[in-house]
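Geometric and topological summary
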Amino acid sequence: MNTKLIEIENEKDEAALAQAAELLQNGGLCAIPTETVYGLAANAFDGAAVARIFEAKGRPADNPLIVHIADLDMLSDLVREVPQSALELARAYWPGPLTMILPKSDRIPHEVSAGLDTVAVRMPSHPIAAAIIRKSGLPLAAPSANLSGSPSPTTAAHVVADLRGRVEGIVCADDCGVGVESTVVTLCTQPPRLLRPGAITVEMLEKVLGKIDVDDAILHQLKADAKVSSPGMKYKHYAPKAKVILCDGTCEGYIHYVNTHADAATCALCFAEEAAQLSCKTLVYGSLADDAAQAHALFDALRQLDAMGIQIAYAHAPRKSGVGLAVYNRLIRAAAFEVVQV
Ligand code: TXA
Ligand code: MG
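No experiment lies behind these values; they were computed from the predicted model shown.

Cut-offs used in this document
Residues numbered from 1 in each chain as written. Chains lettered and ligands numbered in written order. Predicted model: local features only at pLDDT ≥ 70, side-chain atom pairs only at ≥ 80, totals over all residues. Heavy atoms only, no water. Phe/Tyr/Trp six-rings, centres within 6.5 Å; stacked < 30°, edge-to-face > 60°. Helix = DSSP H or I, 4+ residues; strand = E, 2+ residues; numbered from the N terminus. Buried < 20%, exposed > 50% of the residue type's maximum accessible area, 1.4 Å probe, protein only. Lys NZ or Arg CZ within 6 Å of the ring centre and 35° of its normal. Pairing = 2+ DSSP bridges. Near = heavy atom within 4 Å. Polar contact = N/O pair within 3.5 Å; in protein donor to acceptor, adjacent residues only side chain to side chain. Areas by Shrake-Rupley, 256 points an atom, 1.4 Å probe, with all protein chains shown as cover. Nonpolar A, V, L, I, M, F, W, Y, C, P; charged D, E, K, R; others polar. Axes fitted to C-alpha atoms, helices over the stretch in contact; angles between N-to-C directions. Parallel < 35°, antiparallel > 145°, perpendicular 65-115°, else oblique. Left-handed = near helix turned anticlockwise from the far one by under 90°. Contact = heavy atoms within 4.5 Å.

Okay, the packing of aromatic side chains next. Inspection of every chain in the model, using the stated rule, returns 2 aromatic pairs. A centroid spacing of 5.7 Å and a plane angle of 80° characterise the contact between Tyr257 and Tyr314, whose relative ring orientation is edge-to-face. One end of the pair, Tyr257, is in helix 8 (residues 251–261); the other, Tyr314, is in strand 15 (residues 312–316), with 57 residues separating them in the sequence. Both residues of the pair, Tyr257 and Tyr314, count as buried. Each ring, one from Phe271 and one from Tyr285, has its centre 5.0 Å from the other, and the planes form 35°; the classification is tilted. With Phe271 in the loop between strand 13 (266–270) and strand 14 (281–284) and Tyr285 in the loop between strand 14 and helix 9 (291–307), this residue pair connects regions lying 14 residues apart in the sequence. Note on accessibility: Phe271 and Tyr285 belong to one class, buried. The ring centre of Phe45 lies 3.9 Å from the NZ or CZ of Arg107, which sits over that ring.

Next up, the structure:
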């Protein structure tokens, strides 16, 4: 398939927006930038188009997709009811990196919800994403625009590397600001439950919702027979070809551990403050106290490991609170839950 690369500088480029919208209206797949990661979009009401997303990504059929909207009026077609808590969350954090799980309407094809009776909805704040939704006049089902299992794409180049030849279009814009996928919270349980951490933190959710549950699967490996509240939790994720070992502990502990274990095929995925003291190759992902910078840099760093031909990477774990919880959640999956205390 010939993939159209649609260069766009900002949301005022009507010609580029029209190209993306036309592909989507005709049942095509088009990757678009969002503030979190690039997404691979299709018309959420077109089951056949959505089915092609799974094919293009190699995504397991039982892993449902997020539907992206540009304003609150679009929500009523997607869900059976809008609880008060959803309106309050929307007022606080939409548009933005927050996905809500709600009871789905009959208009959502089963390809989107993967057979569940709920639907995930998010209103992205990226002006180009919002403009493409508006131009097409469609709610867009969009998972991250990577091949299934590999790190989510935070640059247009990542998307081109994974999906060129597999989709009709890729909208090529700047790098994504947040860098990790949206926070996912379900409002279908009482109390609401965090299913995936992101830039909208537990503290921010609790400010609106009161006490919420945090799903065990966020920081722990699910048992083989466990019931999952979000199918994405059970799959291998974000994994570079390199073996990643997550190192939990202080900077001193981490530096000592790496310097006594590393060899020529090793890389240390470290914080800026640590790099000069490490005796092997290093990749910096943000600084120690800046979890937003860590989130922004993480997926590109994981992709760089493979470009460097690294076999073993020792990643220094971030804190498990604030946006750090989202970074830790991605890294522990990249490490296939292999954690050493340093
Ligand atoms: O930031 C993001 O959320 C990006 C951008 C493109 O918007 N999208 C994204 O989509 O990360 P994806 O498909 O890679 O992750 C969606 C996650 C999966 O873990 C999936 O299992 C979960 O949301 N999910 C979707 N629908 C669900 C539902 N009805 N119930 C529970 N979990 C659901
Ligand atoms: Mg994904």
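Additional details are given in the paragraphs that follow.
Most of strand 13 sits inside the fold, with 5 of its 5 residues counted as buried. By the alternation rule, side chains of strand 13 split into Thr266, Ala268 and Cys270 and Cys267 and Leu269, which are all buried. The pairing of strand 13 with strand 14 spans 4 bridges and is classified as parallel. For Cys267, the partnering residue across the bridge sits in strand 14 and is Lys281.

Of all residues adjacent to ligand 1, which total 26 residues, the nearest are Thr36, Arg59, Asn63, His68 and Ser182. Thr36 places a side-chain nitrogen or oxygen 2.7 Å from an oxygen atom of ligand 1. For ligand 1, a nitrogen atom lies 2.9 Å from a polar atom in the side chain of Thr118. Alone, ligand 1 offers 690 Å² of accessible surface; in the complex the protein occludes 96% of this. Where the shell around ligand 1 is concerned, the elements lending two or more residues are strand 4 (66–68), strand 6 (118–122) and strand 10 (193–196). Residues belonging to the shell around ligand 1 are distributed by class as follows: 12 nonpolar, 10 polar and 4 charged.

Our next topic: the packing of helix 1 (residues 14–25) against helix 5 (residues 127–136). Contact pair helix 1 / helix 5: the axes reach a minimum separation of 9 Å and the direction vectors enclose 60°. Relative to helix 5, helix 1 is oriented oblique. For the element pair helix 1 and helix 5, the recorded crossing hand is right-handed. Contacts between helix 1 and helix 5 involve Glu14, Leu17, Ala18, Ala20, Ala21, Leu24 and Gln25 on the former and, on the latter, Ile128, Ala131, Ile132, Lys135 and Ser136. Grouping the constituent residues of the contact of helix 1 with helix 5 by class yields 8 nonpolar, 2 polar and 2 charged.

Two pairing modes exist for strands in a sheet, parallel and antiparallel, and in both the strands are linked by backbone hydrogen bonds. Strands sit in the order 14-13-15-12-16 across an open sheet of 5 strands; the sheet is parallel. Of all the strands in the sheet, the pair left with one neighbour each is strand 14 and strand 16 (339–341). Adjacent strand axes in the sheet meet at a mean angle of 25° when their direction is disregarded. Looking at chain direction, strand 12 (residues 243–248) and strand 16 are connected through 3 bridges and run parallel. Residue pairing in the sheet places Asp248 in a bridge with Gln341 of strand 16.

Burial within strand 5 (residues 98–103) is extensive, with 6 of its 6 residues counted as buried. With 4 bridges connecting them, strand 5 and strand 9 (residues 183–186) associate as parallel partners. Residue pairing across strands places Met100 opposite Val185, the latter belonging to strand 9. As paired elements, strand 5 and strand 6 share 5 bridges and run antiparallel to each other. Looking across to strand 6, one finds that Met100 is bridged to Val121.

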